[in-house]
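# Analysis of the macromolecular model
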Amino acid sequence: MVQFAFYAFSALTLIGAMAVLITRNVLYAAFFLLLTLFGVAGLFVLASADFLAIAQIMIYVGGVLVLVIFGVMLTHKPELPTDTDSQQPNRISSQNRSGAMTGWVVAVLVAGMLFIALYTLLARANFTLLLQPVGWKSTVNTIGKQLMTEYVVPFEIAGILLLAALVGATYLAAPQTKSPRDATR
């Protein structure tokens, strides 16, 4: 049963990711990304990483993806009416079309070498956790204790850095108002 759930969540993740790549509609891509993120959360649950699964759903699905969907829906521009007399399809002009093929070859070679390197690394690795019996143990309690004892300083530093980034982003996004002295000049 666990193996069937793993294959189902893996298929959901891969199909959703491929649909994000294939679709041309940005809103549909966001909804397919929702399926992908739910599939990854399911894989986290199967890997006994319940904290990561809940964080995946709350942060990415509940926050980031909703923000992306609102951004897409609020900035959607209506399509311009096309000229019915034109018989020529839209084309993207390119400076160098002959270099496109070499770009694909280089990309495939780099991806293949990276795959081979990672495969050999994983094949030679000694995973001691695989030899232990499979059991369900919640990680939330352990992570909570470690965040508030061993890792409290890095946790607070990360919080301060995120707060500084939020204040900086708010300052940069705010409309710049002119002072009364600048208006008289």
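These notes cover the structure that comes with them. It should be emphasised that the depicted structure is a prediction, and the values quoted were computed from it without experimental measurement. (Residues numbered from 1 in each chain as written. Predicted model: local features only at pLDDT ≥ 70, side-chain atom pairs only at ≥ 80, totals over all residues. Heavy atoms only, no water.)

## Let's talk about the overall build of the protein chain
Convention followed: Only DSSP runs of H or I covering at least 4 residues are called helices, and only runs of E covering at least 2 are called strands; the numbering of each starts at the N terminus. For every residue, the accessible area obtained with a 1.4 Å probe (protein chains only) is divided by the maximum for its type, and the residue is called buried under 20%, exposed over 50%, and partly exposed between those limits. In what follows, residue pairs with any heavy atoms lying within 4.5 Å of each other are defined as contacts.
Across its full length, the protein chain carries 7 helices and 0 strands. Each helix and strand of the protein chain, ordered N terminal to C terminal, gives the series α-α-α-α-α-α-α. When burial is assessed residue by residue, the protein chain has 10% of its 185 residues classed as buried. Sequence separation of at least 24 residues holds for 59% of the intrachain contacts in the protein chain that already meet a minimum separation of 6.

## Comments concerning unusual backbone geometry
Positive phi, close to 60°, is recorded for Ser-48, a residue that is not glycine. Tracing the backbone through its elements, the reader meets Ser-48 in the loop between helix 2 (26–46) and helix 3 (50–74). Under the relative-accessibility criterion, Ser-48 is labelled partly exposed at 21%.

## Looking at the packing of aromatic side chains
Between two aromatic rings, the relevant description is the distance of the centres plus the angle of the planes. Worth spelling out the cut-off: Working definition: rings of Phe, Tyr and Trp (its six-membered ring) pair if their centres are within 6.5 Å, and the pair is stacked with planes under 30 degrees apart, edge-to-face with planes over 60 apart, and tilted otherwise.
Under the definition given, this model contains 2 aromatic pairs. Geometrically, the ring pair formed by Phe-115 and Tyr-119 is stacked, given 6.2 Å between the ring centres and 20° between the ring planes. Here Tyr-119 and Phe-115 lie together in helix 4 (residues 98–124), a separation of 4 residues that amounts to about one turn.

## So, the packing of helix 1 (residues 2–22) against helix 2
Packed helix pairs are specified by the crossing angle of their axes together with the interaxial distance, meaning the distance between the axes. The test is simple: An axis is simply a line fitted to the C-alpha atoms; with a helix, the fit covers only the stretch in contact. Between two such axes, the angle follows the N-to-C directions and lies from 0 to 180 degrees. In what follows, roughly perpendicular refers to angles from 65 to 115 degrees, roughly parallel to angles under 35, roughly antiparallel to angles over 145, and oblique to any angle outside these ranges. A crossing counts as left-handed when the near helix is turned anticlockwise from the far one by less than a right angle, and as right-handed when that turn is clockwise. Each residue is assigned to one class: nonpolar for Ala, Val, Leu, Ile, Met, Phe, Trp, Tyr, Cys and Pro, charged for Asp, Glu, Lys and Arg, and polar for all the others, Gly among them.
Look at helix 1 against helix 2: their axes get within 8 Å of each other, and the N-to-C directions meet at 155°. Between helix 1 and helix 2, the interaxial angle falls into the category roughly antiparallel. As helix 1 runs across helix 2, the sense of the crossing is left-handed. Residues Val-2, Ala-5, Phe-6, Phe-9, Ser-10, Leu-12, Thr-13, Gly-16, Ala-17, Ala-19 and Val-20 of helix 1 touch helix 2, and the partners they reach there are Ala-29, Phe-32, Leu-33, Leu-35, Thr-36, Gly-39, Val-40, Gly-42, Leu-43 and Leu-46. Taken together, the residues of the contact of helix 1 with helix 2 break down into 15 nonpolar, 6 polar and no charged.

## Structural notes on helix 1
Given 3.6 residues to a turn, an α-helix orients residues that are three or four positions apart in the same direction. What counts here: Expected span of a helix: the number of residues minus one, times 1.5 Å.
Its 21 residues give helix 1 an end-to-end C-alpha distance of 30 Å, which sits within 8% of 30 Å, the value for a rise of 1.5 Å per residue. Along helix 1, the residues classified as buried are Ser-10, Thr-13, Gly-16 and Ala-19. Of the surrounding elements, those touching the buried residues of helix 1 are helix 2.

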